[in-house]
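The lines below spell out each chain.
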Amino acid sequence: MKVLIVSDIHSNLVALDAVLADAAGLYDHMWCLGDIVGYGPEPNGCVRRVQEVADIVICGNHDWAALGKIDTSGFNPVARRATMWTSKMLADDVRSWLDALAPSFGEQSDFLLAHGSPADPIFEYVIDTQIALNNFAVMTHPFALVGHSHHPAIFVERPNQQAELLLPSELPTHDLTRDTRMILNPGSVGQPRDGDPRAAYAILDTDALTWTFRRAAYDIATVQAHMHAVGLPSYLSERLAVGM
Ligand code: ZN
């Protein structure tokens with residue numbers, strides 16, 4: 001099975017459609033790791049596209065924030081403004097569909113899906129090897145697929161309580177083995193923060209056991225104009241151009 005792995009779409013439908021076009025022919029299933037909404041201009045369109053294409057979908061902290069399920073006082077002011085805008089925009093059917101999503105999914109035997117981390121699926125960021133080690137300690141699957149940080153990365157468990165961070169620039173395709181546990185992050189479709197503004201995603205081949213990082217360029221100016229037109233904070237549209 002070849003699986004398109006997407007995360008952190010953040011209401012950026014132009015980026016999501018660029019990913020689907022770029023990945024055409026490379027996958028037969030799609031798994032989505034949450035944060036479908038928040039920040040961008042097309043929350044309903046993104047949810048509906050994910051509903052059409054994805055087989056497994058979990059929710060993220062921004063999905064919960066838009067539903068009013070978490071307190072946003074810890075969000076920075078622009079994220080809070082975007083959350084309030086998103087919350088107002090959500091169609092009733094979209095809202096109830098998002099509300100039914102679970103924060104993690106582990107029934108694909110070898111793969112645990114969680115937006116944040118295996119230990120804390122909604123809130124924790126896996127951004128360094130110490131956090132990865134803490135999560136390996138509680139992981140019961142060989143592989144965890146996470147998003148949330150908007151940084152494509154693989155954390156690999158090594159002997160003697162060590163972990164290694166692998167970045168996509170070093171090698172786009174990685175071999176997975178069931179005896180070496182990994183936490184894999186495809187990066188963000190709709191708001192990359194690793195300095196590359198192109199939409200980030202990954203292709204997981206569960207038979208060959210490979211993970212391939214990929215990027216898709218999209219029309220950022222169109223998304224920025226749309227964000228401006230609906231009154232979303234300019235900081236959020238400007239950051240799309242630099243991928244930070
Ligand atoms: Zn996110």
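Use the structure listed above.
From a predicted model like this one, the values you see are computed outputs, not experimental measurements.

**Q** An account of the layout of surface pockets is requested, with residue identities and associated values reported.
**A** Counted as a void, the largest pocket has a volume near 210 Å³. Around the largest pocket sit 15 residues that line it, and Tyr39, Asn61, His62, Phe75 and Tyr125 are the ones nearest its centre.

**Q** Can you explain the coordination of the zinc ion? Please cite residues and give values.
**A** Note on the zinc ion: its protein donors are Asp8 (OD), His10 (NE2), Asp35 (OD) and His150 (NE2). The metal-donor distances range over 2.1 to 2.4 Å. Taken together, the four donor atoms coordinating the zinc ion span angles of 87 to 177° at the metal, a pattern that classifies the geometry as irregular. For the zinc ion, all donor residues lie on one chain, and their spacing in sequence is D-x1-H-x24-D-x114-H. Of the two residues, aspartate 8 is situated in the loop between strand 1 (2-6) and helix 1 (13-22) and aspartate 35 in the loop between strand 2 (29-32) and helix 2 (43-53); the sequence distance between them amounts to 27 residues. Taking relative accessible area as the criterion, aspartate 35 reaches 1% and is therefore assigned buried.

**Q** Mind laying out the sheet that holds strand 1, listing which residues take part and the relevant values?
**A** With mixed pairing, the six strands of this open sheet are ordered in space as 3-2-1-11-12-9. Edge strands, defined here as strands with exactly one partner in the open sheet, are strand 3 (56-57) and strand 9 (173-175). Where strand 1 and strand 2 come together, four bridges link them in parallel fashion. The partner of isoleucine 5 across the bridge, within strand 2, is tryptophan 31.

Criteria and thresholds
Residues numbered from 1 in each chain as written. Predicted model: local features only at pLDDT ≥ 70, side-chain atom pairs only at ≥ 80, totals over all residues. Heavy atoms only, no water. 1 Å grid on protein atoms, 1.4 Å probe; cavity = no way out; pocket = protein on both sides within 12 Å on 5 of 7 lines; lining within 4 Å. Points joined across faces, edges and corners; volume = space filled by probe spheres on them. Donors = N, O, S within 2.8 Å, 3.2 Å for Na, K, Ca; no water. Tetrahedral: all angles 85-135°; square planar, octahedral: opposite > 155°, others 65-115°. Helix = DSSP H or I, 4+ residues; strand = E, 2+ residues; numbered from the N terminus. Buried < 20%, exposed > 50% of the residue type's maximum accessible area, 1.4 Å probe, protein only. Pairing = 2+ DSSP bridges.

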